[in-house]
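# Examining the three-dimensional arrangement
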Amino acid sequence: MQLGVLGLRPLAVARAALAALCGRLGALCWSLAPLFLPLPLPGWRRVSAPSPAAPAGPRREREGDDASPTPTSVNYHFTRQCNYKCGFCFHTAKTSFVLPLEEAKRGLAMLKEAGMEKINFSGGEPFLQDRGEFVGQLVQFCKQELKLPSVSIVSNGSLIREQWFKKYGEYLDILAISCDSFDENVNVLIGRGQGKKNHVENLQKLRQWCREYAVAFKINSVINRFNVEEDMNEQIKALNPVRWKVFQCLLIEGENTGEDALREAEKFVISDEDFEQFLDRHKDVSCLVPESNQKMRDSYLILDEYMRFLNCRNGRKEPSKSILDVGVEAAIKFSGFDEKMFLKRGGKYVWSKADMKLDW
């Protein structure tokens, strides 16, 4: 019996050696595959060029319901710090963190690779960091190096100087200035007051600089309890922005409402009916772009100061992992982004100043 077992040992040894050899050959094949196969790097997505005959729209890496949304338009809130104290602010100064410039550029390059066409820099107040140099360098990088079709900024406008336009204006497509009222007393009530500085007068100055330096001018207004009865028709038509974005005041748990919030926005909230009445009063303003709470909550891709997508669907900002750690495709799955609503609300429009027919 022992001899029979001993007699089988050479065969068993040979089989084990053969299995080990096959395993090593398999591992070698996988290690050499990237040299011959166009495999994407982890966290990056390959976006094929759209066919000239195909209609413009979001590009997909693969078909199917499980496909991640394309980050066509991204709002990068790279800082939470601000020099204003708007009572309804839903992205408050909970940290003072700002990514190093080169890390921010790395993340922006990843987003471009994943299909980003438009980047909007916001805050907080984006011109607080290095007196506008930080956002200026990001704007130049996105237009000059990444060659993005559209680069924009949302600012309260209080810290922008003409020198910035001279240095970076050519790289900026759109400058959006937040203005909620043309009554300076109302601006003070909202939290946009800065002592002797006049928010409305500064708005006029910025409008002129945008003309002189060929930057498309946009106005953002949050409609709330303090301005809902105001008639802004005459002032908006005189300023003639390319777009007048009109938002309904929105509550976000942990930001402007709730125990952990830095603001108490409940007193600013208006009803859907109030919002509709404001819109009806301004229906003849051709550049009006209304956005209700429902449209705002689901249809924006918001990237925070750590480059995490923020999911607002549950009424608070729930962050994904940073795209710098897990890549864009893995992070965006947790963004709560409604791509259909993004397109329905007109999120994609003529957003490159090269394509705008503007009388600067």
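It should be noted that the structure appears before, not after, this text.
The present account deals with the structure reproduced in this document. Please read all numbers here as calculations on a predicted model, not as lab measurements. (Residues numbered from 1 in each chain as written. Predicted model: local features only at pLDDT ≥ 70, side-chain atom pairs only at ≥ 80, totals over all residues. Heavy atoms only, no water.)

Turning next to the overall build of the protein chain. Broken down by element type, the protein chain carries twelve helices and ten strands. Across the protein chain, every contact between residues at least 6 apart in sequence was considered, and the portion connecting residues at least 24 apart equals 74%. When the accessible surface of the protein chain is summed, it comes to about 18,500 Å², and 54% of that surface belongs to carbon and sulfur atoms. (Helix = DSSP H or I, 4+ residues; strand = E, 2+ residues; numbered from the N terminus. Contact = heavy atoms within 4.5 Å. Areas by Shrake-Rupley, 256 points an atom, 1.4 Å probe, with all protein chains shown as cover.)

Counting residues in hydrophobic clusters, the biggest one holds 67 residues, and the most contacted among them are Tyr-76, Leu-108, Ile-119, Phe-121 and Trp-244. For this core, the leading source of residues is helix H3 (residues 133-145), giving six residues. One finds Phe-88, Ile-190, Phe-268 and Leu-310 within the second-largest nonpolar core, a separate group that totals 16 residues. (Core = buried A, V, L, I, M, F, W, Y, C linked by side-chain atoms within 4.5 Å. Buried < 20%, exposed > 50% of the residue type's maximum accessible area, 1.4 Å probe, protein only.)

Assignment of secondary structure puts Glu-125 in the loop between strand E2 (118-122) and H3. Residues Glu-125 and Tyr-84, 41 residues apart in the sequence, show an inter-C-alpha distance of 8.3 Å. In this view, Glu-125 contacts Thr-79, Gln-81, Cys-82, Asn-83, Ser-155, Asn-156, Gly-157 and Leu-159; residues no more than four positions away in its chain are not counted. Within the structure, the side chain of Glu-125 is placed 3.0 Å from the backbone nitrogen of Phe-127, a separation counted as a polar contact. (Polar contact = N/O pair within 3.5 Å; in protein donor to acceptor, adjacent residues only side chain to side chain.)

Its 13 residues give H3 an end-to-end C-alpha distance of 17 Å, which sits within 8% of 18 Å, the value for a rise of 1.5 Å per residue. Among the residues of H3, those classed as buried are Phe-134, Val-135, Gly-136, Leu-138, Val-139, Phe-141 and Cys-142. The secondary structure elements touched by the buried residues of H3 are strand E1 (73-77), helix H2 (101-113), E2, strand E3 (150-155) and helix H4 (162-168). Phi turns positive, to about 55°, at Lys-147, one or two residues after H3. (Expected span 1.5 Å × (residues − 1).)

The subject of this paragraph is the packing of aromatic side chains. Scanning the entire structure with this criterion turns up 15 aromatic pairs. Pairing Phe-78 with Phe-121 gives two aromatic rings, centres 6.4 Å apart and planes at 70°, and the pair type is edge-to-face. With a gap of 43 residues between them, Phe-78 in the loop between E1 and H2 and Phe-121 in strand E2 connect regions that are remote in the sequence. Both residues of the pair, Phe-78 and Phe-121, count as buried. Seen in terms of ring centroids, Phe-127 and Trp-164 are 5.1 Å apart; in terms of plane orientation they differ by 70°. Their pairing is edge-to-face. Of this pair, Phe-127 sits in the loop between E2 and H3 while Trp-164 is found in helix H4, placing the two residues 37 residues apart along the sequence. (Phe/Tyr/Trp six-rings, centres within 6.5 Å; stacked < 30°, edge-to-face > 60°.)

So, on to the pattern of salt bridges. Within the structure shown, the criterion is met by 13 salt bridges. Between Asp-280 and Lys-283 there is a salt bridge, and its shortest N-O distance comes to 3.8 Å. In this structure Asp-280 comes out as partly exposed when scored by relative accessible area, which is 46%. The partner of Asp-338 in a salt bridge is Arg-313, and the shortest N-O contact between them spans 4.0 Å. Residue Asp-338 is found in the loop between helix H11 (328-332) and helix H12 (339-344), and its partner Arg-313 is found in the loop between strand E9 (308-311) and strand E10 (318-322); the two are separated by 25 residues along the sequence. Salt bridges here are not isolated pairs; linked through shared partners, they connect Arg-80, Glu-255 and Glu-305. (Salt bridge = Lys/Arg side-chain N within 4 Å of Asp/Glu carboxyl O.)

The element strand E5 (residues 216-223) is largely enclosed, with a buried count of eight among its eight residues. Because side chains alternate across E5, one face comprises the buried residues Ala-216, Lys-218, Asn-220 and Val-222, and the other comprises Phe-217, Ile-219, Ser-221 and Ile-223, equally buried. Bridging between E5 and strand E6 (residues 243-248) involves six bridges; their strand directions are parallel. From the neighbouring strand, Ser-221 faces E6, where its bridge partner is Val-246. Taken together, E5, helix H7 (residues 233-239) and E6 constitute a β-α-β crossover, and its handedness is right-handed. (Pairing = 2+ DSSP bridges. Right-handed = clockwise from strand over helix to strand, strands pointing away.)

With that settled, the discussion passes to the side chain of Asn-227. Turning to its location among the elements, Asn-227 is positioned in the loop between E5 and H7. One polar contact links the side chain of Asn-227 to the main-chain carbonyl oxygen of Val-222, over a distance of 3.0 Å. Contact partners of Asn-227, with chain neighbours within four places excluded, come to Asp-180, Val-186, Val-222, Met-232 and Phe-278.

This paragraph deals with the environment of Phe-78. Note on Phe-78: relative accessible area 0%, which makes it buried. Excluding its chain neighbours within four sequence positions, the residues that come into contact with Phe-78 are Phe-97, Val-98, Phe-121, Ser-122, Pro-126, Gln-129, Phe-134, Val-135 and Glu-305.

All right, on to the packing of H2 against H3 then. As a packed pair, H2 and H3 sit with axes 11 Å apart at the nearest point and diverge in direction by 35°. The element H2 and its partner H3 pack so that their crossing is right-handed. In this structure, H2 uses Leu-101, Ala-104, Lys-105 and Leu-108 to contact H3, whose residues at the interface are Phe-134, Gln-137, Leu-138, Phe-141 and Cys-142. Split by residue class, the contact of H2 with H3 holds seven nonpolar, one polar and one charged. (Axes fitted to C-alpha atoms, helices over the stretch in contact; angles between N-to-C directions. Left-handed = near helix turned anticlockwise from the far one by under 90°. Nonpolar A, V, L, I, M, F, W, Y, C, P; charged D, E, K, R; others polar.)

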